[in-house]
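# What the coordinates show
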Amino acid sequence: MRDSLVAAAFQLFLERGYEQTTVDEIVALAGVGRRSFFRYFPSKEDVVFPDHERCLAEMNDFLGDSSGEGGEGEGGADDPVARVCDAARVVLRMYAENPTFSVQRYRLTKKVPGLRTYELSVVWRYERALAEYLRGRFAGRRDGTLRADVIAAAVVAAHNNGLRSWLRSDGQSDATAEVDHALAHVQQVFGSDPDPAPDPVGPVQRPTGKSAKRTADDDVVVVISRRGAPMWRVVQEVETALGRDPE
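Residues numbered from 1 in each chain as written. Predicted model: local features only at pLDDT ≥ 70, side-chain atom pairs only at ≥ 80, totals over all residues. Heavy atoms only, no water.

## Details of the pattern of salt bridges
The full count for this structure, using the stated rule, is 11 salt bridges. The partner of Asp24 in a salt bridge is Arg34, and the shortest N-O contact between them spans 2.7 Å. In this pair, Asp24 is assigned in helix H2 (residues 23–30) and Arg34 in helix H3 (residues 34–40), connecting sequence segments 10 residues apart. For Asp24, a relative accessible area of 42% translates into the label partly exposed. One salt bridge connects Arg135 with Asp149, and the closest N-O pair in it is separated by 2.8 Å. Here Arg135, found in helix H8 (residues 113–137), pairs with Asp149, found in helix H9 (residues 144–168); they are 14 residues apart in sequence, far enough to count as distant. What makes Asp149 buried here is its relative accessible area of 15%. Members of the salt-bridge network, linked through shared partners, are Arg54, Glu58 and Glu97. (Salt bridge = Lys/Arg side-chain N within 4 Å of Asp/Glu carboxyl O. Helix = DSSP H or I, 4+ residues; strand = E, 2+ residues; numbered from the N terminus. Buried < 20%, exposed > 50% of the residue type's maximum accessible area, 1.4 Å probe, protein only.)

## Thoughts on the nonpolar core
In this structure, Met59, Leu63, Val84, Tyr126, Leu130, Leu134 and Val155 are the most contacted members of the largest nonpolar core, which totals 40 residues. Contacts of Val155, omitting those with residues within four sequence positions, involve Val84, Cys85, Ala88, Leu130, Leu183 and Val186. Judged by nonpolar contacts, the second largest core, of 20 residues, contains Ala8, Phe37, Val47 and Phe49. (Core = buried A, V, L, I, M, F, W, Y, C linked by side-chain atoms within 4.5 Å. Contact = heavy atoms within 4.5 Å.)

## So, the packing of aromatic side chains
Think of a pair of aromatic rings as described by two things: how far the centres are apart, and how the planes are tilted against each other in angle. By the definition in use, this model includes 7 aromatic pairs. Here the aromatic rings of Tyr40 and Phe41 are separated by 6.4 Å at their centres, their planes lie at 45°, and the arrangement is tilted. Overall, the relative accessible area of 35% leaves Tyr40 in the partly exposed class. Each residue in the set Phe10, Phe13, Tyr18 and Phe101 is aromatic and connected to the rest through ring pairs, giving one cluster. Across the ring face of Phe62, the terminal group of Arg83 is positioned such that the distance to the ring centre comes to 3.9 Å. (Phe/Tyr/Trp six-rings, centres within 6.5 Å; stacked < 30°, edge-to-face > 60°. Lys NZ or Arg CZ within 6 Å of the ring centre and 35° of its normal.)

This is the structure in structure tokens:
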């Protein structure tokens, strides 16, 4: 019944448009009642993204599997960056299971701003799951939370870049190759320091007197950013404060 509702919905979306299609029309075409529709989908938006709840659960199960089995990266559970890259591939497999449906959804989402907003909320949930896993792996380490959030955002951005390249090809290119290429860049950038130094215990002790000679390694940079600023903006501000040109 669930699959029938999704098929009926997309048939009507393609024929009439998303905004012009009502739930009553979907259930009529599927041959079920309104209660059946809302038993599976809380809203009309949810019928466009019927598989994300299952996929998010699979991703969390994958991240919670300490054995490291089932991943495609070289590091397994011992390499947190490789682990979250492999977790992103769980999402890719969901899209690749049904290329025709995924391409149709991509085209529909591009046309309907409300669906794009809904999709962004779904993407944020994936990013949060990756960040929570990494925060646990980097707990107690210098800038552990910052590092976790930045890497999670980078993994999601890389995955989506490769995924969109595949969708723009109407599913004709190699989805796995597209996403692997993008995720390899993330591992190259962030995977070189898998074991950041731990935070010092207690307050930072500053040298005084004759031992107060400072070196470049002693410099401390403080960046103030507004609450709620996107992570890419925080990173950009940090790079600017360090005298690096943000890309």
